[in-house]
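# Residue-level structure breakdown
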Amino acid sequence: QVRLVESGGGLVRPGDSLRLSCTASVSAGNMGWFRQAPGKEREFVAAISWGTGYTRHADSVKGRFTLSRDNAKNTVYLQMNSLKPEDTAVYYCAADASIWIRTIASEYSYWGQGTQVTVSS
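Computed from a prediction, not measured in an experiment: that's the story for all the values here. The numbering scheme is per chain: residues are counted from 1 as the chain's sequence reads. In keeping with the predicted nature of the model, local features appear solely for residues at pLDDT of at least 70, side-chain atom pairs appear and are counted solely at 80 or more, and the whole-chain, interface and lining totals rest on all residues. In computing side-chain properties, one takes all heavy atoms of the structure into account and sets aside hydrogens as well as water.

### Some thoughts on the pattern of salt bridges
Any Lys or Arg side-chain nitrogen found within 4 Å of a carboxyl oxygen on Asp or Glu counts as a salt bridge. Scanning all chains against the criterion turns up five salt bridges. The closest approach of N and O atoms between D87 and R64, which form a salt bridge, is 2.7 Å. Taken together, the residues span a long stretch of sequence, with D87 in the loop between β8 (75–80) and β9 (89–96) and R64 in the loop between β6 (55–57) and β7 (65–70) at a distance of 23 residues. This pair shows no difference in class: D87 is buried, exactly as R64 is. Residues D96 and R102 are paired through a salt bridge, measuring 3.7 Å at the closest nitrogen-oxygen approach. Residue classification places R102 among the partly exposed residues on the basis of a relative accessible area of 24%. In DSSP terms, a helix is any run of H or I states spanning at least four residues, a strand is any run of E spanning at least two, and both are numbered starting from the N terminus. Exposed residues in this analysis have more than 50% of their type's maximum accessible area, buried residues have under 20%, and partly exposed residues fall in between, with area computed by a 1.4 Å probe over protein chains only.

Below, the structure is given as C-alpha cells:
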C-alpha cells in the first residue's frame, strides 16, 4: 500500500506560478499527476519513472509545467508556470509499481486525495 500526500494548490492569477508536491509513503515505480475539471474526465498531466528519472508531459502543459523528484524524500514536484484559466482543476497525484511511464489513469494503483488549483483574474 502506498499513501500519497499532496500539497501546494491554491488560487492564483493568470501568468502566475505554483508548485505542487506529492510525498509517497514508500518508493513507487512511477508517479504521475492528473487533473480533473468540473464536468470533464480526468486527464494526464505528467509522469516520472522513479528508477530512470525519465519524464513525460502532456502537450497542453509542455514548456510550462515541469515534473521533478527528490529521491531522498520520496517526493515529486510539479512546477507550474504561466498558468492559464484552463489549468483550473483538482490535481491528483498517482503512483504505480511499474517501472514504465503510465499516462492512463486506470493504470495507476494509488491516488492522493487531490488539491485544488484555481487560475482566475
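### Here we look at the pairing of strand β5 (residues 43–49)
Within β5, six of the seven residues are buried, which leaves the element mostly enclosed by the surrounding structure. Linking strand β4 (residues 30–36) back to β5 in an antiparallel pair, the connection comprises six residues, with G39 at a positive phi of about 80 degrees. Pairing of β5 with β6 involves three bridges; the strand directions are antiparallel. Bridge pairing links A47 to R56 in β6. Strands are labelled as partners when DSSP assigns at least two bridges between them. The antiparallel pairing of β5 with β6 creates a hairpin that spans five residues between the two strands, and G53 there sits at a positive phi of about 80 degrees.

### Description of the confidence of the model for the protein chain
pLDDT is a residue-level measure of predictor confidence that goes from 0 to 100. In the predicted model, the protein chain carries a mean pLDDT of 94, and 100% of its residues have values of at least 70. Mean pLDDT per element in the protein chain: strand β1 (residues 4–7) is the minimum at 94, and strand β11 (residues 115–119) is the maximum at 98.

### A few points about the environment of T103
One can find T103 in the loop between β9 and β10 (110–111). With relative accessibility at 27%, the residue T103 sits in the partly exposed group. C-alpha of T103 to C-alpha of M31: the two residues are 72 residues apart in sequence and 10.0 Å apart in space. Here, two residues are considered to be in contact whenever any of their heavy atoms come within 4.5 Å of each other. Those residues within four positions of T103 in sequence are excluded, and the remaining contacts are F34, F44 and R56.

### Focus on the nonpolar core
By convention a nonpolar core is built from buried Ala, Val, Leu, Ile, Met, Phe, Trp, Tyr and Cys residues, the set being connected through side-chain atoms within 4.5 Å. Ranked by size, the top nonpolar core spans 34 residues in total, and within it M31, W33, L78, M80 and Y91 carry the most contacts. Secondary structure elements with two or more residues in this core: β3 (18–24), β4, β5, β7, β8, β9 and β11.

### Quick word on the packing of aromatic side chains
Pairing of aromatic side chains requires ring centres within 6.5 Å, counting the rings of Phe and Tyr and the six-membered ring of Trp. Pairs whose planes differ by under 30 degrees are stacked, by over 60 edge-to-face, and all others tilted. For the structure on display, the rule yields five aromatic pairs. A centroid spacing of 5.7 Å and a plane angle of 75 degrees characterise the contact between F34 and F44, whose relative ring orientation is edge-to-face. Note that F34 is positioned in strand β4 and F44 in strand β5, a separation of 10 residues in sequence. Taking relative accessible area as the criterion, F34 reaches 1% and is therefore assigned buried. Aromatic rings pair up to connect F34, F44, Y92, Y108 and W111 into one cluster. Should the NZ of a Lys or the CZ of an Arg lie within 6 Å of a ring centre and within 35 degrees of the ring normal, that charge is described as sitting over the ring. Sitting above the plane of the Y92 ring, R42 keeps its charged end 3.8 Å from the centroid.

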